Amino acid sequence: MAAPDRPEVLVNCAVSMDGRLAFAGGRRARLSGPEDLARVQWLRADVDGILVGVGTVVLDDPSLRVHWEMIDRPVGKGPVRIVVDSNGRTPTRARVLDGSAPTILAVSTACDRTFPPSVQVVRAGAPRVDLGALFAELRRRGLRKLLVEGGGEILASVLRSGAWDRWTVYVAPIAIGGSTAPPMLRGPDGAPASEGLPVRFVSAEPIDDGVVLTYRPAAGASPARPLSGATHPARAETGP
Ligand SMILES: NC(=O)c1ccc[n+]([C@@H]2O[C@H](COP(=O)([O-])OP(=O)(O)OC[C@H]3O[C@@H](n4cnc5c(N)ncnc54)[C@H](OP(=O)(O)O)[C@@H]3O)[C@@H](O)[C@H]2O)c1
């Protein structure tokens, strides 16, 4: 069960069978087949928010919308889009700024960029966004379930913090290799690669020609770096 000071956090990503999130240089790879794409839409339809890092917005320009046409389910409200972007690097023309769905830009307290009025701004931490403070603010705003979709730096930060509840990885039947295709988890050494992040295996389900692996945090695992929302609460504002 999720801690009371944050939403339930689901982590989902797709990787090649050699663990890469994208092609060389971070070029978007469509790794999921039709069944897995539908699985992701079900996940998106079931959460209150979808969170990505600004790296993903810059490279992929995702809409972060639910494609209701892909699932047998009545069209619903749809989740809030959340971008973690300490310095306000989200491109002006990014789809997440198109006003078509509720959107939160999580920036650092030092960021003075203004955003369109349709965008809600949450200021949390410096020089980077403090994910603990952000998660606490999201919970305070009524978000009970959050889906973290990537990319590699955000995945590593969230997983390393221990503030997650279920991690699903679609492993696609393709190898990418090379030296610039991003690995599933990025970031500074020790987080969590060098000491290892223990996880508890739950299931492996064949989907399309790949497999969906599901994990939970290992029993008794303590966060390598506890999230610290209580000490530096986020500040919220709407529009410029
Ligand atoms: N296959 C998949 O499932 C999947 C899903 C999503 C993305 N991707 C791929 O992932 C790649 C992008 O990943 P990425 O690692 O470059 O970028 P990312 O994880 O999307 O975003 C990372 C950025 O978030 C910002 N950030 C702010 N606070 C942070 C914190 N506490 N912890 C970590 N990051 C924080 C940092 O920029 P600032 O310092 O400027 O704030 C950081 O550079 C693309 O190639 C994309 O195609 C793949």
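### Topic: the nonpolar core
And step 1. Val11, Leu51, Leu134, Phe135, Val148, Val158 and Trp167 are the most contacted members of the largest nonpolar core, which totals 35 residues.
And step 2. Residue assignment for this core shows that the elements contributing at least two residues are β1 (8-16), β3 (80-84), β4 (103-107), α3 (131-140), β6 (145-150), α4 (152-161), β7 (166-172) and β9 (210-217).
And step 3. Broken down by element, this core gets its largest block of residues, five residues, from α3.
And step 4. Apart from the residues within four sequence positions on either side, Val11 is in contact with Val148, Leu155, Val158, Leu159, Trp164, Arg166, Trp167 and Thr168.
And step 5. Within the second largest apolar cluster, 19 residues are counted, among which are Val54, Val96, Leu97 and Cys111.

### A word on the pairing of β6
And step 1. Taking burial as the measure, the six residues of β6 include five buried ones, the bulk of the element.
And step 2. Pairing between β1 and β6: four bridges, direction parallel. Paired with Glu8 across the two strands is Lys145, which belongs to β6.
And step 3. As paired strands, strand β2 (residues 49-53) and β6 are joined by four bridges and run parallel to one another. Paired with Leu51 across the bridge in β6 is Val148.

### A look at the pattern of salt bridges
And step 1. Under the defined criterion, the tally for this structure stands at ten salt bridges.
And step 2. Where Arg44 meets Glu149, a salt bridge forms, and the shortest distance between an N and an O atom there is 2.8 Å. Of this pair, Arg44 sits in helix α1 (residues 34-45) while Glu149 sits in strand β6, placing them 105 residues apart in sequence. Both residues of the pair, Arg44 and Glu149, belong to the buried class.
And step 3. The residue Glu137 makes a salt bridge to Arg141 at a minimum N-O spacing of 2.7 Å.
And step 4. Among the residues examined, Glu137 registers a relative accessible area of 5% and is labelled buried.
And step 5. The exposure class assigned to Arg141 is partly exposed, which follows from its relative accessible area of 27%.

### Details of the confidence of the model for the chain
And step 1. Chain-level statistics for the chain give a pLDDT mean of 90 and a share of 88% at 70 or above.
And step 2. Considering only residues more than four positions removed or in separate chains, one finds that residues 224-231, a stretch of pLDDT under 50, has 13 contacts.

Basis of the calculations
Residues numbered from 1 in each chain as written. Predicted model: local features only at pLDDT ≥ 70, side-chain atom pairs only at ≥ 80, totals over all residues. Heavy atoms only, no water. Core = buried A, V, L, I, M, F, W, Y, C linked by side-chain atoms within 4.5 Å. Buried < 20%, exposed > 50% of the residue type's maximum accessible area, 1.4 Å probe, protein only. Helix = DSSP H or I, 4+ residues; strand = E, 2+ residues; numbered from the N terminus. Contact = heavy atoms within 4.5 Å. Pairing = 2+ DSSP bridges. Salt bridge = Lys/Arg side-chain N within 4 Å of Asp/Glu carboxyl O. pLDDT = per-residue confidence, 0-100.

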